[in-house]
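Notes for the structure review
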2 protein chains.
Amino acid sequence: MPWPESRKQETRRKILKSAVTLFAKRGFNSVSLGDVMKDAKLTHGAFYAHFNSKQELYKEAVYAATEDSPLAEILRKSEGALSVDKIVSTYLSQDHVDQKFSPCPLAAFATDTPNQNGETKDAYTHVFQGMIDILESKTDGSITDRQSALSLAALLIGGVVVSRALNDQETIDELLAACISKAPQLLRQ
Amino acid sequence: MPWPESRKQETRRKILKSAVTLFAKRGFNSVSLGDVMKDAKLTHGAFYAHFNSKQELYKEAVYAATEDSPLAEILRKSEGALSVDKIVSTYLSQDHVDQKFSPCPLAAFATDTPNQNGETKDAYTHVFQGMIDILESKTDGSITDRQSALSLAALLIGGVVVSRALNDQETIDELLAACISKAPQLLRQ
DNA sequence: GTCTATAGGATGATAGAC
DNA sequence: GTCTATCATCCTATAGAC
């Protein structure tokens, strides 16, 4: 039975939720703290009662996004081993590209992270290693070695990141279908 | 025999070269026009004699980067069919991740493009389709269908984009090696 | 803890001399 | 076409009332 969250933590969560959505859709530099706080129904002056800087917010947003990521959702709903097919088709879906549900931070934040400070890159690295661990050890028997997990992650993230940059629906459809169709071939030893 | 370039076009090329390097390394929003013009050894007031806006500069930079991309370089140096192995190992090299040579815009600009205007996304889309066409029709016999070309592109771009966001050299090494090792499996029909 | 107000700095874009 | 100077705006971060 969860204890009632303190009001401060509740507000912090609201800010983080807004930050995840906005950073994922428009990128770090295109989103101002005013935008985030407005989305969270607060004024921008209140921000610094919860975070020390915009950079720190971004780092925390990476972790927050991880908890709601598609992979975490699938993990939560599954009993026993995860289906790799389910992961692949969810990850490479048009809804994920369009961010109709809470997106994977590894794809959404791959964009900004290279330009962030060390702590933020550490956060990204940590989340990536977590994804590899899950693919390697929590899935059904179809992933048998670490190289399969690593290359599958690159294919999934690459497919989504490129799709988001494309402006032609036919090409996006082709690309997503090709990645879904070819993904199983990466898993052979 | 090429005609001597007019001075104006020479200056334009210098600006574009600086823009490609800086945008690729630090991203659209983290680079100011002052930064670009300073790198090109000009003052920022001169910018608007060559481009109408920063957005237009970015769009032109996507095309300019394509001409110096690793794939274009390999294409230029090759006689006859391109080696897919050579493309894969060049693309997924640490030097490409570190941008020691002129990077592929599909990886370097995947980061910013989703947040750009339609014309810029058109440019990215055009370059991507060009890459797929080259992989499909200009390489040795190892790529036999379009889905192979598309999924390989996603793996290459994903591998590089994620590597640039990571902060741990061991993980980067593992990831690049895994992608290189597994790439040929995507090409089987 | 949240608000309003503002400091302090950077930026995209323009004007006008040369 | 390139320069210097400047406008107008936006943004992160801080200060102080409540």
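Since this is a predicted model, take the numbers as computed values, not measurements.

1. Some remarks on the overall build of chain A
When you go through chain A residue by residue, the secondary structure sums to 10 helices and zero strands. From first element to last, N terminus to C terminus, chain A shows the α and β order α-α-α-α-α-α-α-α-α-α. For a compact globule of 189 residues, the expected C-alpha radius of gyration is about 16 Å, and chain A comes in at 18 Å, within 12% of that figure. Across its three principal axes, chain A shows a C-alpha extent of roughly 55 × 45 × 30 Å. For chain A, the proportion of its 189 residues judged to be buried stands at 52%. Considering only contacts within chain A whose residues lie at least 6 apart along the sequence, 64% involve residues at least 24 apart. Between the averaged position of the 22 positive side-chain charges in chain A and that of its 24 negative side-chain charges there is a distance of 6 Å.

2. Quick look at the interface of chain B and chain A
Tallying the contact residues gives 48 residues for chain B and 48 residues for chain A. When the two sides are added together, the surface that chain B and chain A hide from each other amounts to roughly 3,900 Å², 59% of it contributed by carbon and sulfur. Of all residues in chain B, the largest losses of buried area upon contact with chain A belong to B:Ala165, B:Asn167 and B:Lys182, amounting jointly to 14% of the total for that side. Linking B:Glu174 and A:Arg146 is a salt bridge whose minimum nitrogen-to-oxygen distance equals 2.7 Å. Counting across the interface, chain B meets chain A through 26 residue pairs in polar contact (both at pLDDT 80 or more). Elements with a contribution of two residues or more to the side of chain B that touches chain A: helix H1 (7-26), helix H8 (118-137), helix H9 (146-165) and helix H10 (169-186) of chain B. Per-element accounting of the side of chain B that touches chain A gives the leading share, 14 residues, to H9(B). Tallied by class, the residues present in the side of chain B that touches chain A amount to 18 nonpolar, 19 polar and 11 charged.

3. A short note on the relation of the copies chain B and chain A
Once chain B has been moved 0.0 Å along the axis and rotated by 180 degrees, it coincides with chain A to within an RMSD of 0.0 Å. As the rotation angle and translation indicate, the two copies are arranged about a two-fold axis.

4. A look at empty space enclosed by the protein
Residue and element names in this part refer to chain A. Counted according to the given criterion, the structure contains one cavity of 30 Å³ or more. If you add up the space inside the largest cavity, you get close to 30 Å³. Lining the largest cavity are Pro 70, Leu 71, Ile 74, Ile 87, Thr 90 and Tyr 91. Secondary-structure elements contributing two or more residues to the lining of the largest cavity are helix H4 (70-77) and helix H5 (84-91). Its residues placed into classes, the lining of the largest cavity shows five nonpolar, one polar and no charged.

5. Points about the protein's contact with DNA strand C
Every one of the 17 residues lining DNA strand C counts as a neighbour, but A:Lys8, A:Thr43, A:His50, B:Tyr48 and B:Lys54 are closest to it. Within 4 Å of the protein, the atoms of DNA strand C are drawn from sugar and phosphate moieties in a proportion of 64%. A distance of 3.2 Å separates a phosphate oxygen of DNA strand C from a polar atom in the side chain of A:Lys8. Take B:Tyr48: an N or O atom from its side chain is 2.8 Å from a phosphate oxygen of DNA strand C.

6. Side note on the UniProt feature "DNA-binding region" (unreviewed entry) in chain A
According to UniProt, the positions carrying the feature "DNA-binding region" (unreviewed entry) are residues 32-51 of chain A. Helix makes up 35% of residues 32-51 of chain A and strand 0%, and the two end C-alpha atoms of the span are 14 Å apart.

7. Description of the packing of H9(B) against H10(B)
For any two helices packed against each other, the geometry comes down to the angle between their axes and how far apart the axes lie. Residues and elements named next belong to chain B. At their nearest, the axes of H9 and H10 sit 10 Å apart, and the two run at 175 degrees to each other. With respect to H10, the axis of H9 lies roughly antiparallel. Contacts between H9 and H10 involve Ser 148, Ser 151, Leu 152, Leu 155, Gly 159, Val 162 and Ser 163 from the first element and Ile 172, Leu 175, Leu 176, Cys 179, Ala 183 and Leu 186 from the second. Taken together, the residues of the contact of H9 with H10 sort by class into nine nonpolar, four polar and no charged.

8. Structural notes on the UniProt feature "domain: HTH tetR-type" (unreviewed entry) in chain A
Within the UniProt annotation, "domain: HTH tetR-type" (unreviewed entry) is assigned to residues 9-69 of chain A. Between the end C-alpha atoms of residues 9-69 of chain A the distance is 21 Å, and the span holds 64% helix and 0% strand.

9. A word on the nonpolar core
Counting residues in each nonpolar core, the largest one holds 132 residues, and the members touching the most others are A:Leu57, A:Phe128, B:Leu57 and B:Phe128. Every residue in contact with A:Leu57, bar those within four places of it in the chain, is listed here: A:Ile15, A:Leu16, A:Ala19, A:Phe23, A:Leu33, A:Val36, A:Phe47 and A:Phe51.

10. Quick look at H5(A)
Among the residues making up H5(A), those that are buried are A:Val84, A:Ile87, A:Val88, A:Thr90 and A:Tyr91. Along its buried surface, H5(A) packs onto H4, helix H6 (94-97), helix H7 (105-108), helix H8 (118-137), helix H9 (146-165) and helix H10 (169-186) of chain A.

11. Considering H1(B)
All names here are of chain B. Across its 20 residues, H1 extends 29 Å between first and last C-alpha, which sits within 8% of the 28 Å expected from 1.5 Å per residue. All of the buried residues along H1 are Thr 11, Ile 15, Leu 16, Ser 18, Ala 19, Val 20, Leu 22, Phe 23 and Ala 24. Buried residues along H1 sit against helix H2 (33-39), helix H3 (54-67) and helix H7 (105-108). Two residues or fewer past H1, Gly 27 is found with a positive phi of approximately 90 degrees.

12. Looking at the pattern of salt bridges
Within this structure, the stated rule accounts for 22 salt bridges over all chains. Note that B:Arg26 and B:Asp35 form a salt bridge whose closest N and O atoms lie 3.0 Å from each other. A relative accessible area of 33% places B:Arg26 in the partly exposed class. B:Asp35 gets classed as partly exposed once you look at its relative accessible area, which sits at 27%. Connected through salt bridges with shared partners, the residues A:Arg12, A:Lys59, A:Glu60 and A:Glu119 form a single ionic network.

Definitions and limits used
Residues numbered from 1 in each chain as written. Chains lettered and ligands numbered in written order. Predicted model: local features only at pLDDT ≥ 70, side-chain atom pairs only at ≥ 80, totals over all residues. Heavy atoms only, no water. Helix = DSSP H or I, 4+ residues; strand = E, 2+ residues; numbered from the N terminus. Rg over C-alpha atoms; globule rule 2.2 N^0.38 Å. Buried < 20%, exposed > 50% of the residue type's maximum accessible area, 1.4 Å probe, protein only. Contact = heavy atoms within 4.5 Å. Lys, Arg positive; Asp, Glu negative; His and termini not counted. Charge placed at Lys NZ, Arg CZ, Asp CG, Glu CD. Buried area = accessible area lost by both parts, 1.4 Å probe. Salt bridge = Lys/Arg side-chain N within 4 Å of Asp/Glu carboxyl O. Polar contact = N/O pair within 3.5 Å; in protein donor to acceptor, adjacent residues only side chain to side chain. Nonpolar A, V, L, I, M, F, W, Y, C, P; charged D, E, K, R; others polar. Least-squares fit on C-alpha atoms with pLDDT ≥ 70 in both. 1 Å grid on protein atoms, 1.4 Å probe; cavity = no way out; pocket = protein on both sides within 12 Å on 5 of 7 lines; lining within 4 Å. Points joined across faces, edges and corners; volume = space filled by probe spheres on them. Near = heavy atom within 4 Å. UniProt positions renumbered as here; feature names shortened; annotations may be inferred. Axes fitted to C-alpha atoms, helices over the stretch in contact; angles between N-to-C directions. Parallel < 35°, antiparallel > 145°, perpendicular 65-115°, else oblique. Core = buried A, V, L, I, M, F, W, Y, C linked by side-chain atoms within 4.5 Å. Expected span 1.5 Å × (residues − 1).

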